[in-house]
Amino acid sequence: QPNPYTETSIVYQYNEQGFRSDSFAASSDMRCVFLGCSISEGIGLPLAETWCYQTVERIRQLTGQTVAYWNLSMAGCGVDSLLRQYYHWADTLKPHYVFALFPGYRREFYIDDSWQIAYPMSPNNILQHNPILLDKTTIQYELEKNLAMFDLLLAKYETQLIWDTWDDVVFPNVS
């Protein structure tokens, strides 16, 4: 299908923290956080067409409750980024549910006082000089480490994680 949207037909609005979601000051019966990459942020889609927004709307319809919609997704991120977002905002938002669409494998490094993402397929990136980082066992370990850290944080805040991934090559053995 051709894309029905033009360059000027989508308006991106962001909250006071820079996310495409409700204000963090919103009060509600149920608090939901969404984590993911550009697919979850909804790049190229009106807000009402994103899977995150549609999920919240469906929850509102089914429960009749007020539901806070906090989408912490960021374009170009990996599972490391999602974990860091949740870690940073969980104490403030205290979500009941975290919905995550885990992106494909990307590794983050702290270089020159900022977090930088190294994509496996990008030319001249740090991963090319460290081939062990692209080893399937290393990737599996990184994913398991992040999921274990998610488990600890979810238990701390008594939050339920509902997740999926669009990368079935990277996550074949994760239960």
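Conventions and cut-offs
- Residues numbered from 1 in each chain as written.
- Predicted model: local features only at pLDDT ≥ 70, side-chain atom pairs only at ≥ 80, totals over all residues.
- Heavy atoms only, no water.
- Buried < 20%, exposed > 50% of the residue type's maximum accessible area, 1.4 Å probe, protein only.
- Helix = DSSP H or I, 4+ residues; strand = E, 2+ residues; numbered from the N terminus.
- Pairing = 2+ DSSP bridges.
- Phe/Tyr/Trp six-rings, centres within 6.5 Å; stacked < 30°, edge-to-face > 60°.

Caption draft 1: Spotlight on the pairing of strand β1 (residues 30-35). The buried count for β1 comes to five of six residues, which makes it a mostly enclosed element. For β1 and strand β2 (residues 67-71), the ladder comprises five bridges, and the chain directions are parallel. Counted as the bridge partner of F34 is N71 from β2.

Caption draft 2: Quick look at the packing of aromatic side chains. With the rule as written, the count across this model stands at 13 aromatic pairs. With 5.7 Å between their ring centres and 55° between their planes, F34 and Y69 make a pair best called tilted. Taken together, the residues F34 in strand β1 and Y69 in strand β2 connect sequence positions 35 residues apart. A residue is classified by how much of its surface remains accessible, and F34, at 0% relative accessible area, is buried. Arranged with centres 5.7 Å apart and planes meeting at 90°, the rings of Y53 and Y69 form a pair that is edge-to-face. One end of the pair, Y53, is in helix α2 (residues 51-63); the other, Y69, is in strand β2, with 16 residues separating them in the sequence. The partly exposed category is assigned to Y53, whose relative accessible area is 24%. For Y69, a relative accessible area of 1% gives the class buried. Aromatic rings pair up to connect F34, W51, Y53, Y69, Y97 and F99 into one cluster.

So yeah, pure geometry; function would need other evidence.
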